[in-house]
Amino acid sequence: MRLPLDAPLATRLLSLFLREEAGKFGFRRAVLGLSGGVDSAVTAALAALAFGGRRVLAVLLPYRQSSPESLLLARDLVGRLRLRSVEIDITPMADGYLRGVRGADRVRRGNVLARCRMTVLYDLSAAWRGLVLGTSDKSELLLGYTTLHGDSASALNPIGDLYKTQVLALGAHLGVPEAILRRPPSPDLWPGQSAERELGFSYERVDALLHALVDRRYAEAECVAAGFPRGLVRSVAGRIRANQFKRMPSLVPKLSNRTLHWDFRYPRDWGR
Amino acid sequence: MDFLVALAQTRPVLGALGENLDRHLEVAERAIRARARLVVFPELSLTGYHLRDLVPDVALRADDRRLARLARLSRRASIAVGAVEESDDHRFFNSAFLFEGGSLLAVHRKVYLPDYGMFEEGRHFAAGDRFEPVQSRLGRLGLLICEDLWHLSSSYLHFLRRADSLLCLAASPGRGVTGTEGEVGTARAWNTLLEAQALAFTVHVVFCNRVGFEDGAYFWGGSKVVSPFGRVVAQAADGEELVLGPIDGGALRRSRMLTPLRRDEKALLTLREIERTIRVERETPP
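Residues numbered from 1 in each chain as written. Chains lettered and ligands numbered in written order. Predicted model: local features only at pLDDT ≥ 70, side-chain atom pairs only at ≥ 80, totals over all residues.

Draft legend 1. Inspection of the overall build of chain B at higher detail. Within chain B, the regular secondary structure consists of eight helices and 14 strands. By sequence separation, contacts in chain B at least 24 residues apart represent 66% of the contacts at least 6 residues apart. (Helix = DSSP H or I, 4+ residues; strand = E, 2+ residues; numbered from the N terminus. Contact = placed C-beta atoms within 7 Å.)

As structure tokens, then:
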């Protein structure tokens, strides 16, 4: 079953969100990494609505092993949305470090790429005076399918409460090209990487399960009774638990009467 | 009694009392020039909603001198605002202040503090302990704050005590984008409740909800006036707006002629049955 979404309503809310929350901090521009995938495409389209295309800096950050198609699709989207853009090859940056590292497996190497990209985005954020937008959807955030301090780092993440399949529906509404919508999801951190193969399930299947577990608060046994395979339920619930740390700030030991996060609790929009 | 009510659907700055107060005076002045006799602001309109540890920093005593300008303005129209109220014994309430005729006429302290899901009001606020309509020069006004209205007993008590209008100050964050009507799920639920209560209690319902984002939460506005026939007679969208709506004394009278629910209400029966329920529950082992 497809998760429903009122796409026009979500579009309006999310572009309002971007404009207002950025505006409170004195920002009228945004910076984001554009990968050629659906998450960053939808984020870019929302940002273009919120700020105007000329106030959105799309940063294309290929690595020597990145799929050439990613770059082409990202360039095409820049033109369609009339964004400002810059291309920065992160190969020298990443390889400058990785050359001296022995025995790094592809996951470690992929994380280095994601964090190089984050470094560039935050630097351009300061140079361009735009807020860094996140491009992680709710499926990825719950499953922990992100790099800590890499692609998960951002100031505002407009799609963080939408599951992957909802992001696809939103993308269709926003006119994201079919070529992007139909691509198998991939972080493109190594050649041929496929998110669904790596995770072991399709987003369509897991989104319905995540929705049951998280939004509707079904117990694991109830999910099994509702027809989800036991193995899938166990693995997904396990992933949600195991990756909780990625969604939290680092732990501070409680020593005083008023400790950050525990009992020093102020809103982020404090005074705004 | 016929008069115009102004729904001051504002976007407070979180934790900035002075700035919000200035904005209140400006908006109320505009409403008065548009001939409103009652101006209703949202819940916590002077402070913003998601205050957390800011609650004591923005708290006001009911006699705080900073409220004097609002009080003075109330010589020209009655004004309801939302504030953090600090009591003599230093409890903090999520309160509605009603100014009229140059002074503070009434305070309603929110009774039902939601403390579930995304809410944590019970952590920061003390709860009010009564529902009492205010005898205003605009009739009997039953004040409610947001969650209060979801407990039918709140409006029922105002109804028993002969309220003509329910004034609900709200800071309702929107949830649910999976519908088909082009509005958040929360808005649909509220609209059902507001219209149902106007009908069931034969009152005007004046609902003022705030707008804007706080920490990513979207306040959906949708402020409105509902007639005692359950018809929406004024309606705001989800931006900062000042919307005028009619309170129609003739409609109130006709609704009560056609559907004399208040006349026929059996309050004593209700009381008896509630007492019996409590007794039975007390005597029944869990």
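Read on, since the account is not over.
Draft legend 2. Highlighting the overall build of chain A. From N to C terminus, chain A includes 12 helices and four strands. Seen through its C-alpha atoms, chain A measures out along the principal axes to roughly 50 × 50 × 50 Å. Each of the 272 residues in chain A was classed as buried or not, and the buried ones make up 40%. Across chain A, the fraction of contacts at a sequence separation of at least 24, relative to all contacts at a separation of at least 6, is 72%. (Buried ≥ 20, exposed ≤ 12 C-beta atoms within 10 Å, placed from the backbone.)

Draft legend 3. Representation of helix H10 (residues 203-215) of chain A in the model. Residues and elements named next belong to chain A. If you check which residues of H10 are buried, you get Tyr203, Val206, Asp207, Leu209, Leu210 and Leu213. Check the buried side of H10 and you find it contacts helix H6 (138-143), helix H7 (164-173), helix H9 (195-199), helix H11 (220-225) and helix H12 (230-242). At the exit of H10 stands arginine 217, carrying a positive phi of roughly 55°.

Draft legend 4. Looking closely at the packing of helix H4 (residues 91-98) of chain A against helix H5 (residues 106-128) of chain A. Residues and elements named next belong to chain A. Relative orientation of the contacting elements H4 and H5 amounts to 135°, with a least axis distance of 10 Å. Here H4 is positioned oblique relative to H5, judged by the angle of their axes. The way H4 lies across H5 gives a crossing that is right-handed. In this structure, H4 contributes Met93, Ala94, Tyr97 and Leu98 to the contact, and H5 contributes Arg109, Val112, Leu113 and Cys116. Per-class residue counts for the contact of H4 with H5 are seven nonpolar, no polar and one charged. (Axes fitted to C-alpha atoms, helices over the stretch in contact; angles between N-to-C directions. Parallel < 35°, antiparallel > 145°, perpendicular 65-115°, else oblique. Left-handed = near helix turned anticlockwise from the far one by under 90°. Nonpolar A, V, L, I, M, F, W, Y, C, P; charged D, E, K, R; others polar.)

Draft legend 5. A look at the nonpolar core. Among the nonpolar cores identified, the biggest contains 142 residues, and Ala44 and Ala47 of chain A together with Val40 and Leu169 of chain B are the most heavily contacted of them. The greatest single-element share of this core, amounting to 10 residues, is contributed by helix H2 (residues 38-51) of chain A. In this structure, leucine 169 of chain B is in contact with Val40, Phe41, Pro42, Glu43, Ala80, Gly82, Ala96, Ile145, Cys146 and Cys208 of chain B, ignoring residues within four places of it in sequence. (Core = buried A, V, L, I, M, F, W, Y, C linked by C-beta atoms within 7 Å.)

Draft legend 6. Representation of the interface of chain B and chain A within the structure. Taken together, the contact pairs 21 residues of chain B with 19 residues of chain A. Ranked by residues supplied to the side of chain B that touches chain A, first place goes to strand S10 (residues 211-214) of chain B with three residues.

Draft legend 7. Fine view of the environment of arginine 84 of chain A. Residue and element names in this part refer to chain A. Relative to the assigned elements, arginine 84 resides in strand S3 (residues 84-87). Given 16 C-beta atoms within 10 Å, arginine 84 falls into the partly exposed group. For arginine 84 and methionine 118, which are 34 residues apart along the polypeptide, the C-alpha to C-alpha distance reads 18 Å. For arginine 84, the contacting residues outside a window of four places in its chain are Arg54, Val56, Leu57 and Ala58.

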